[in-house]
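So you can see what is in the structure, the chains are spelled out below.
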Amino acid sequence: LVLVATNTTVSSPTGNLQDGRWFHTATLLPTGKVLVAGGAVVADEYSCIAGKDSAELYDSALGTFASTGTMTSRRYAQTSTLLQNGGVLITGGFSFDSSACLQDDTSPALASAEIYDPSNGSFAPTGSMAAVRGGHTATLLTNGKVLIAGGDNMEGDVPPFFLVDGSVTAEVYDPATGLFTSTGNMVTPRVGQTATLLANGDVLIAGGWSASQNASIAAAELYHPATGAFTPTGSMTSPRTGHTATLLPDGKVLIAGGAQTIFAYSDSAEIYDPATGSFLATGSMAVNRCSHTATLLPNGTVLLVDGGSLVTEIYDPSIGSFVLSGLTKLDRFSGHSATLLQNGNVLVVGGLQSPTTAELYP
């Protein structure tokens with residue numbers, strides 16, 4: 001099968017990272033710089049996966065990365081959330097000092113959290129979560145608090161988390177107090193799910209993995225901040241983990257790709273309509289993808305990158321289909337990040353196959 005893009009846009013390289021990363025976080029700061037933090041590293045000849053505590057800033061004006069403060073804990077598969085006060089909340093993840101890999105064969109999940117202060121480039125501890133978590137989700141609510149949901153609370157793995165089971169618990173972080181407070185439990189335990197803030201302030205939780213069932217999850221649910229409760233909503237047309245969920249300008253949510261079973265990657269996509277609480281199939285992607293990225297562009301289309309292919313594609317909501325867009329310079333496979341910059345470009349960073357590189361689209 002030969003894929004030919006109608007608009008052969010080729011991404012352009014930008015500065016290399018100071019430290020190679022995959023399954024890290026990347027957060028656009030109000031200054032326009034991007035905070036890139038943590039990530040996984042294969043620590044020894046036994047392929048033990050350890051976490052990093054280093055962080056760096058990407059300056060789009062210069063096209064370079066520069067080291068910034070060090071995190072208080074080594075982490076990968078953590079979350080990173082820009083707060084309304086400009087700080088960045090880092091929660092959970094899996095952590096190993098690489099020296100510990102010889103004694104143990106799994107990376108424990110973390111309960112700790114910390115705040116990055118862009119004004120002085122430093123990380124400082126904040127309140128710990130009620131539960132240890134890695135591969136969870138963190139969603140900034142309209143009231144400025146952060147919903148933390150699901151994730152693995154036992155041992156380390158990498159997305160799409162085929163080897164671990166998910167948690168049913170959730171909690172809310174309050175920046176005013178620096179504390180986490182338990183909230184209602186999810187209907188379904190999940191790890192590697194997506195969480196999307198809807199226009200009405202609710203949060204759509206979709207998909208993920210269930211090791212106890214050895215299968216991905218089709219069920220979806222809504223978190224209601226006013227009551228702190230989760231309620232079921234329509235199930236997806238296909239079970240998925242390692243998928244993406246993107247809020248579209250019309251308030252609907254594009255769900256794309258992921259794995260239905262172990263290593264059975266999908267090219268299908270669907271749309272969630274909050275008005276009806278239902279999912280409907282939309283056009284399929286040109287290639288199967290899992291652990292890819294999906295970025296809403298300023299023109300309302302969605303850019304999908306990697307997850308098993310050098311080919312990029314664009315979802316156009318106006319026609320409900322995907323169009324081949326171009327090529328990335330390097331194979332990243334999974335564990336990369338994609339961040340929309342203030343100038344409209346997308347910064348693609350790291351990944352399992354190319355951990356030290358970065359590129360810009362278009």
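Our subject is the structure listed above.
We now turn to the structure provided with this report. (Residues numbered from 1 in each chain as written. Predicted model: local features only at pLDDT ≥ 70, side-chain atom pairs only at ≥ 80, totals over all residues. Heavy atoms only, no water.)

**Thoughts on the overall build of the protein chain**
Here is the rule: Only DSSP runs of H or I covering at least 4 residues are called helices, and only runs of E covering at least 2 are called strands; the numbering of each starts at the N terminus. Computation of the radius of gyration draws on C-alpha atoms, with the globule rule given as 2.2 Å multiplied by the number of residues to the power 0.38. Only protein chains enter the accessibility calculation, which uses a 1.4 Å probe; a residue is then buried when its area is under 20% of its type maximum, exposed when over 50%, and partly exposed in between. For accessible areas, the Shrake-Rupley method is used with a probe of radius 1.4 Å. Any residue's cover is judged against the shown protein chains and nothing else. Under the convention used here, Asp and Glu are negative, Lys and Arg are positive, and both His and the chain ends fall outside the count. Where a charge sits is defined by one atom per residue type, namely NZ (Lys), CZ (Arg), CG (Asp) or CD (Glu).
Helix and strand content of the protein chain: zero helices and 35 strands. By the compact-globule yardstick of 21 Å for 362 residues, the protein chain fits well, its C-alpha radius of gyration being 19 Å. Taking the principal axes of its C-alpha atoms as reference, the protein chain extends roughly 45 × 45 × 40 Å. Of all 362 residues assigned to the protein chain, the portion counted as buried reaches 57%. Carbon together with sulfur atoms contributes 53% to the accessible area of the protein chain, which is approximately 13,800 Å² in total. Distance between charge centres in the protein chain, computed from 13 positive and 28 negative side chains, equals 5 Å.

**Some details on the pattern of salt bridges**
Any two side chains of opposite charge can pair if their charged atoms end up close together. Defined as follows: Salt bridge, as used here, is a side-chain nitrogen of Lys or Arg placed within 4 Å of a carboxyl oxygen of Asp or Glu.
Summed over the entire model, instances satisfying the criterion amount to eight salt bridges. The salt bridge involving Arg133 is made with Glu171; its shortest N-O contact spans 2.8 Å. Note that Arg133 is positioned in the loop between strand 12 (122–126) and strand 13 (137–140) and Glu171 in strand 15 (residues 170–174), a separation of 38 residues in sequence.

**Quick notes on the side chain of Asp202**
Definition in use: Note on definitions: a residue-residue contact is assigned when non-hydrogen atoms from the two residues lie within 4.5 Å.
Here Asp202 shows up in the loop between strand 17 (194–197) and strand 18 (203–206). Here Asp202 occupies a buried position and makes no salt bridge, while the nearest side chain of opposite charge, Arg190, is found at 14 Å. Once you skip the residues sitting within four places of it in the chain, Asp202 turns out to touch Thr196, Leu197, Tyr223, His224 and Pro225.

**Some remarks on the environment of Ala211**
Among the structural elements, Ala211 can be located in the loop between strand 19 (209–210) and strand 20 (215–216). Among the residues examined, Ala211 registers a relative accessible area of 27% and is labelled partly exposed. Beyond its immediate stretch of four places on either side in the chain, Ala211 contacts Val164 and Asp165.

**Observations concerning the packing of aromatic side chains**
As a reminder of what qualifies: Aromatic rings from Phe, Tyr and Trp, with only the six-membered ring used for Trp, were paired whenever their centres fell within 6.5 Å, and each pair was classed as stacked if the ring planes differed by under 30 degrees, edge-to-face if by over 60, and tilted otherwise.
Evaluated as defined, the whole model comprises eight aromatic pairs. Seen in terms of ring centroids, Tyr315 and Phe322 are 4.8 Å apart; in terms of plane orientation they differ by 55°. Their pairing is tilted. A residue is classified by how much of its surface remains accessible, and Tyr315, at 3% relative accessible area, is buried.

**A short note on the sheet that holds strand 11 (residues 113–117)**
Backbone hydrogen bonds hold the strands of a sheet together, and the pairing may be parallel or antiparallel. Keep this limit in mind: By the convention used here, strands pair only if DSSP detects at least 2 bridges between them. Inter-axis angles, ranging from 0 to 180 degrees, are taken between N-to-C directions of lines fitted to C-alpha atoms, where helices are fitted over the stretch in contact.
Read from one edge to the other, the open sheet built from four strands follows the order 9-10-11-12, with strand pairing classed as antiparallel. In the strand order of this sheet, the two ends are held by strand 9 (79–82) and strand 12, each with one partner. Strand-to-strand twist in this sheet, taken as the mean axis angle between neighbours without regard to direction, amounts to 25°. Looking at chain direction, strand 11 and strand 12 are connected through five bridges and run antiparallel. Bridge pairing in strand 12 places Ala113 opposite Thr126.

**Points about the sheet that holds strand 24 (residues 253–256)**
In space, the four strands of this open sheet follow the order 23-24-27-28, with antiparallel pairing throughout. Each having just a single partner strand, strand 23 (244–247) and strand 28 (278–282) make up the two edges of the open sheet. Each adjacent strand pair in this sheet contributes to an overall mean axis angle of 25°, direction not counted. The sheet contact formed by strand 23 and strand 24 spans four bridges and is antiparallel. The residue of strand 24 that forms the bridge with Leu247 is Val253.

**Let's talk about the layout of surface pockets**
Our working rule: A 1.4 Å probe that fits into a set of points on a 1 Å grid over the protein atoms alone but cannot get out defines a cavity; an open set with protein on both sides within 12 Å along at least five of seven lines defines a pocket, and lining residues are those with an atom within 4 Å of a point. Grid points are joined across faces, edges and corners, and a volume is the space filled by probe spheres set on the points. Residue type decides the class: Asp, Glu, Lys and Arg count as charged, Ala, Val, Leu, Ile, Met, Phe, Trp, Tyr, Cys and Pro as nonpolar, and the leftover types, Gly among them, as polar.
Quantified by volume, the largest pocket comes out at close to 1,900 Å³. Lining the largest pocket are 45 residues, and of these Ala26, Ser80, Ala138, Ala195 and Ala245 lie nearest its centre. For the lining of the largest pocket, the class distribution of residues is 18 nonpolar, 27 polar and no charged.

**Quick look at the pairing of strand 9**
Taken residue by residue, a regular strand's side chains alternate between the two faces of the sheet. Side chains Thr79 and Thr81 project from strand 9 onto a buried face, and the interleaved Ser80 and Leu82 project onto a face without burial. For strand 9 and strand 10 (residues 88–91), the ladder comprises four bridges, and the chain directions are antiparallel. The residue bridging Leu82 from the neighbouring strand is Val88, located in strand 10. Between strand 9 and the antiparallel strand that follows it, strand 10, lie five residues; Gly86 among them carries a positive phi value of about 95°.

**Description of the side chain of Ser95**
So the rule is basically this: For this analysis, a polar contact is any N or O atom pair within 3.5 Å, provided that within protein one partner can donate a hydrogen and the other can accept it, and provided that sequence-adjacent residues contribute only side-chain to side-chain pairs.
By the element assignment, Ser95 lies in the loop between strand 10 and strand 11. Looking at Ser95, its side chain comes within polar contact range of the main-chain oxygen of Arg74, at 2.7 Å.

**Details of a nonpolar patch on the surface**
The cut-off we apply is this: Residues enter patches when their relative accessible area tops 30% and they take part in no salt bridge; the joining distance is 9 Å for like charges and 5 Å for the nonpolar side chains Val, Leu, Ile, Met, Phe, Trp and Tyr.
A contiguous nonpolar surface patch, about 240 Å² in accessible area, is contributed by Val10, Leu310 and Leu327. Position of Leu327 relative to the elements: it lies in strand 32 (residues 321–327).

**So, unusual backbone geometry**
Trans peptide bonds make up most of the peptide bonds, and negative phi angles are found at most residues other than glycine. That bond from Tyr361 to Pro362 is cis: its omega, 0°, falls within 30 degrees of zero. Here Pro362 is to be found in the segment after strand 35 (358–361). A positive phi angle is found at Asp306, which is not glycine, with a value near 55°. Relative to the helices and strands, Asp306 resides in the loop between strand 30 (302–305) and strand 31 (311–316).

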